[in-house]
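Close look at the chain arrangement
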Amino acid sequence: MAEIDAQPFAFVFKPETTALIVIDMQRDFAEPGGFGASLGNDVSRVTAIVPTVKKLVEGFRAAGLPVIHTMECHRPDLSDLPPAKRDRGNPSIRIGDAGPMGRVLIAGEPGTAILDELAPLPGEIVIEKPGKGAFYATGLGDDLKRIGVRQLVFAGVTTEVCVQTTMREANDRGYECLVAEDATESYFPEFKAAALAMIRAQGAIVGWTATTDQVLEGIA
Ligand code: C5J
């Protein structure tokens, strides 16, 4: 067993059953003209964490541990997009509409791609997900069983939406979950702080939090 110095107490894990899951580090959430910006958000908060996420990804790769990537996106015919999701938030451009980076949040479009700096390597698992949680309507659960993962470290965006939703889904499925505090971000700093506090409250009711450096020390 190995250990990460974490909150609210040490995260004990087996390196051979641990993976990093990087949530939705896509151009649509990080660049002007994308989905995040269409909802009126300041996307510079997302681009600011890219070097830290990259450090974490490279640390997992160097340790020989799996890196899994997710992308929030929909089929070109929108058959997996509930009208309630398309209409929500009164964005300036809606999911599926043509924007400056192609059709917003549609699989295969330039804006939907993972940021170049964080591009998956050949052989890494990439989950395309229509929901906020990465288990809903995807093969993530089967993939994790197949590669024998039981503990998940989370990075990516946004903390209180897709990261927290996926972490809660994973927690309910019996995975032990830790979120890297400085490798996740929200458009709203107060929501990020609240999400991290909720996750580790009540004796790690949903999971643990630690800094990227603490995670990297633990897996080295
Ligand atoms: C959002 C996400 N915020 N990846 N998606 O709509 O958190």
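Conventions adopted
- Residues numbered from 1 in each chain as written.
- Predicted model: local features only at pLDDT ≥ 70, side-chain atom pairs only at ≥ 80, totals over all residues.
- Heavy atoms only, no water.
- Core = buried A, V, L, I, M, F, W, Y, C linked by side-chain atoms within 4.5 Å.
- Buried < 20%, exposed > 50% of the residue type's maximum accessible area, 1.4 Å probe, protein only.
- Helix = DSSP H or I, 4+ residues; strand = E, 2+ residues; numbered from the N terminus.
- Contact = heavy atoms within 4.5 Å.
- Salt bridge = Lys/Arg side-chain N within 4 Å of Asp/Glu carboxyl O.
- Pairing = 2+ DSSP bridges.
- Axes fitted to C-alpha atoms, helices over the stretch in contact; angles between N-to-C directions.
- Parallel < 35°, antiparallel > 145°, perpendicular 65-115°, else oblique.
- Left-handed = near helix turned anticlockwise from the far one by under 90°.
- Nonpolar A, V, L, I, M, F, W, Y, C, P; charged D, E, K, R; others polar.
- Near = heavy atom within 4 Å.
- Polar contact = N/O pair within 3.5 Å; in protein donor to acceptor, adjacent residues only side chain to side chain.
- Areas by Shrake-Rupley, 256 points an atom, 1.4 Å probe, with all protein chains shown as cover.

One finds Leu20, Met25, Val53, Leu56, Phe60 and Leu178 to be the most contacted residues of the largest nonpolar core, which totals 45 residues. Among the elements that line this core, the one with the most residues is helix H4 (residues 50-62), at 5 residues. Residue contacts for Leu20: discarding those within four places in its chain leaves Leu56, Val57, Phe60, Pro66, Val67, Ile68, Val153 and Ala155. Core analysis: the next-biggest nonpolar cluster, separate from the first, contains 23 residues, Ile127, Leu152, Ala170 and Val179 among them.

Let us look at the pattern of salt bridges. If charged atoms from side chains of opposite charge come close, those side chains can pair. If you walk through the whole model with that rule in mind, you get 13 salt bridges. Where Asp24 meets Lys129, a salt bridge forms, and the shortest distance between an N and an O atom there is 2.7 Å. With Asp24 in the loop between strand E3 (18-23) and helix H1 (27-30) and Lys129 in strand E7 (residues 125-129), the pair connects residues that are 105 residues apart, well separated along the chain. Note on accessibility: Asp24 and Lys129 belong to one class, buried. Between Glu72 and Lys85 there is a salt bridge; the shortest N-O distance is 2.7 Å. Of this pair, Glu72 sits in strand E4 (residues 67-72) while Lys85 sits in helix H5 (residues 83-87), and the two are 13 residues apart along the sequence. By relative accessible area, Glu72 is classed as buried at 0%. Each of Arg45, Glu185 and Lys192 takes part in one network of salt bridges that share partners.

The subject of this paragraph is the sheet that holds E7. An order of E7-E4-E3-E8-E9-E10 is seen for the 6 strands of this open sheet, with the pairing classed as parallel. Looking along the sheet, the strands with just one partner apiece sit at the ends: E7 and strand E10 (208-210). Each neighbouring strand pair of the sheet contributes to a mean axis angle of 25°, computed without reference to strand direction. Bridging between strand E9 (residues 176-185) and E10 involves 3 bridges; their strand directions are parallel. By the bridge assignment, Leu178 is partnered in E10 with Trp208. The sheet contacts of H4 involve E3, E4, strand E8 (151-157) and E9, and relative to E3 the element is tilted by about 155°.

Following both chains from N to C, one finds helix H7 (residues 159-172) and helix H8 (residues 189-204) inclined at 15°, their axes separated by 10 Å at the closest point. Classified by the angle their axes make, H7 and H8 are roughly parallel. Between H7 and H8 the crossing geometry is right-handed. Contact residues: H7 offers Thr159, Glu160, Gln164, Met167 and Arg168, while H8 offers Phe191, Lys192, Ala195, Leu196, Met198 and Ile199. The residue makeup of the contact of H7 with H8, split by class, is 6 nonpolar, 2 polar and 3 charged.

A separate point is the site of the ligand. Taken together, Asp24, Phe29, Phe35, Glu72, Lys132, Val157, Thr158, Val161 and Cys162 make up the full set of residues adjacent to the ligand. Within the side chain of Asp24, a nitrogen or oxygen atom sits 2.7 Å from a nitrogen atom of the ligand. Between the ligand and Val157, the relevant distance is 3.1 Å, taken from a nitrogen atom to a main-chain nitrogen or oxygen of the residue. Bound to the protein, the ligand loses 91% of the 230 Å² it would expose on its own. Its residues placed into classes, the shell around the ligand shows 5 nonpolar, 1 polar and 3 charged.

Mapped onto the secondary structure, Lys132 falls in the loop between E7 and helix H6 (140-147). As for Lys132 and Cys162, which are separated by 30 residues in sequence, their C-alpha atoms are 4.6 Å apart. Excluding residues within four positions of it along the chain, Lys132 makes contact with Phe35, Glu72, Lys85, Val161, Cys162, Thr165 and Thr166. Within the local environment of Lys132, its side chain forms a polar contact with the side chain of Glu72, the two groups lying 2.7 Å apart.

The quantities given are spatial measurements derived from coordinates; they are silent on function.
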